[in-house]
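The lines below spell out each chain.
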Amino acid sequence: MEEKRVIDIKQEILSANDIAAEAFRRKLTAQKTLFVDIMSSPGAGKTTLLLALVRHLDHDASIGVIEADIASYVDAQKIKEAGIAVVQLQTHGICHVEMSMVSRGYRAFAGRRFDYLFLENIGNLVCPAQFDTGAHVRIMLLSVPEGYDKVYKYPLMFSAVDALVITKTDYLALNPDFDMDELEKQARILNPTLEIFKTSARTDKGIAELADWIAAKRNESIGCDASATNERDPDNKGGI
Ligand SMILES: Nc1nc2c(ncn2[C@@H]2O[C@H](COP(=O)(O)OP(=O)(O)OP(=O)(O)O)[C@@H](O)[C@H]2O)c(=O)[nH]1
Ligand SMILES: [Mg+2]
């Protein structure tokens, strides 16, 4: 009888990705750059939160952003207008970011060093959770209008991240069915060490606390004071 051979492609792709991601993380650690991956469903507030966050991080810190979208430059344009170095990745239908894409995006900064590098991942609560992008810190956003029950529907994302940022809390009065206690309880069952922040980029609620936590993560991961080395990028030398 003919012998059948089974090759697990998914496992091979994931492990090659993980090896590259670990090497990238080590490289950024050596450069004292904290790399933060921001994930959520489309429209949960990633770009708006990023813009609010950078206003609260050390003003002298150098910041770079890799924007990933299936199409368009609109988010990169907003980041650029805020004077932050940005690179846009367009995935043309691929619904997650993997390490090879991050490497290509990072190379476009042409050797520039950052204190903080952010990735705005593709809007999707499923696939991005499975791919290590080389980040030191993974954050997911869940906005109040989406509903607290996403914690039951997308458990992998909740268990894969270091922090859950509940966004658009200014909508809580309009969404009385948003069960915050149940969300926190279920999220902590999935992920006992999860940090939870309640924010509104509209009112600035909780943004300073999140920025402080990210700065502390830089101290912890990089082993240095989160102080500044460079200025923001008024000429957008990083480029889009
Ligand atoms: N009321 C309110 N609206 C917000 C808040 N944060 C973001 N928004 C709005 O929500 C919409 C989507 O915000 P974005 O920041 O573009 O969301 P995103 O996750 O980056 O979206 P994609 O990149 O398309 O996935 C915009 O109209 C924002 O103004 C908030 O805290 N409160
Ligand atoms: Mg966005």
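Enquirer: Explain the coordination of the magnesium ion (ligand 2) residue by residue, including any values.
Expert: Four donors placed tetrahedrally around a metal ideally meet at 109.5 degrees, and six donors placed octahedrally ideally meet at 90 or 180 degrees. Binding of the magnesium ion (ligand 2) to the protein goes through Thr47 (OG1), Asp75 (OD) and Glu120 (OE), at separations of 2.1 Å. Sequence spacing among the residues donating to the magnesium ion (ligand 2) works out to T-x27-D-x44-E. Pair noted here: Asp75 is in helix α3 (residues 74-81) and Glu120 is in strand β4 (residues 116-120), with a separation of 45 residues, a long-range link. For Asp75, a relative accessible area of 11% gives the class buried. Judged by its relative accessible area of 3%, Glu120 is buried.

Enquirer: Residues and numbers for the packing of aromatic side chains, please.
Expert: Tallied over the entire structure, the rule returns eight aromatic pairs. When the centroid spacing of 4.8 Å and the interplanar angle of 75 degrees are considered together, the rings of Phe109 and Phe114 count as edge-to-face. Measuring from centroid to centroid gives 6.4 Å for Tyr116 and Phe118, while their planes differ by 15 degrees, and the two rings are stacked. No difference in accessibility class separates Tyr116 from Phe118, as the two residues are buried. One aromatic cluster is present, built from ring pairs that chain together Phe24, Phe35, Tyr106, Phe109 and Phe114.

Enquirer: Please give an account of a nonpolar patch on the surface that cites residues and values.
Expert: On the surface, a cluster of nonpolar side chains totalling about 280 Å² of accessible area is made up of Ile7, Ile9 and Ile13. Among the secondary structure elements, Ile9 is positioned in helix α1 (residues 9-30).

Enquirer: So, the sheet that holds strand β1 (residues 34-39): which residues are in play, and what are the values?
Expert: In spatial order, the strands read β3-β2-β4-β1-β5-β6-β7; together these seven strands make up an open sheet with parallel pairing. Each edge of the open sheet is held by one strand with a lone partner, namely β3 (85-90) and β7 (195-198). On average, each strand axis in the sheet is inclined to that of its neighbour by 20 degrees, with strand direction left out of account. Strand direction decides the pairing type here: β1 and β4, joined by five bridges, are parallel. In the strand pairing of β4, Leu34 is matched with Tyr116.

Enquirer: Which residues make up helix α2 (residues 46-56), and what are the values?
Expert: Counting buried positions along α2 gives eight out of 11 residues, so the element sits mostly inside the fold. Here α2 has its buried residues at Lys46, Thr47, Leu49, Leu50, Leu51, Ala52, Leu53 and Val54.

Enquirer: Run through the site of ligand 1, naming residues and quoting values.
Expert: Of all residues adjacent to ligand 1, which total 16 residues, the nearest are Lys46, Thr47, Thr48, Asp170 and Ala201. In the environment of ligand 1, an oxygen atom lies 3.2 Å from a nitrogen or oxygen atom belonging to the backbone of Ala44. Take Glu120: an N or O atom from its side chain is 2.9 Å from an oxygen atom of ligand 1. Relative to its unbound accessible area of 650 Å², ligand 1 is 76% covered by the protein chains. One can see that ligand 1 is located within the largest pocket. Considering each element in turn, the shell around ligand 1 owes the most residues, three residues, to α2. Residue composition of the shell around ligand 1, by class: four nonpolar, six polar and six charged.

Rules behind the numbers
- Residues numbered from 1 in each chain as written.
- Chains lettered and ligands numbered in written order.
- Predicted model: local features only at pLDDT ≥ 70, side-chain atom pairs only at ≥ 80, totals over all residues.
- Heavy atoms only, no water.
- Donors = N, O, S within 2.8 Å, 3.2 Å for Na, K, Ca; no water.
- Helix = DSSP H or I, 4+ residues; strand = E, 2+ residues; numbered from the N terminus.
- Buried < 20%, exposed > 50% of the residue type's maximum accessible area, 1.4 Å probe, protein only.
- Phe/Tyr/Trp six-rings, centres within 6.5 Å; stacked < 30°, edge-to-face > 60°.
- Patch = residues over 30% accessible without salt bridge, like charges linked within 9 Å, V, L, I, M, F, W, Y side chains within 5 Å.
- Areas by Shrake-Rupley, 256 points an atom, 1.4 Å probe, with all protein chains shown as cover.
- Salt bridge = Lys/Arg side-chain N within 4 Å of Asp/Glu carboxyl O.
- Pairing = 2+ DSSP bridges.
- Axes fitted to C-alpha atoms, helices over the stretch in contact; angles between N-to-C directions.
- Near = heavy atom within 4 Å.
- Polar contact = N/O pair within 3.5 Å; in protein donor to acceptor, adjacent residues only side chain to side chain.
- 1 Å grid on protein atoms, 1.4 Å probe; cavity = no way out; pocket = protein on both sides within 12 Å on 5 of 7 lines; lining within 4 Å.
- Sits in = over half its atoms within 2 Å of the grid points.
- Nonpolar A, V, L, I, M, F, W, Y, C, P; charged D, E, K, R; others polar.

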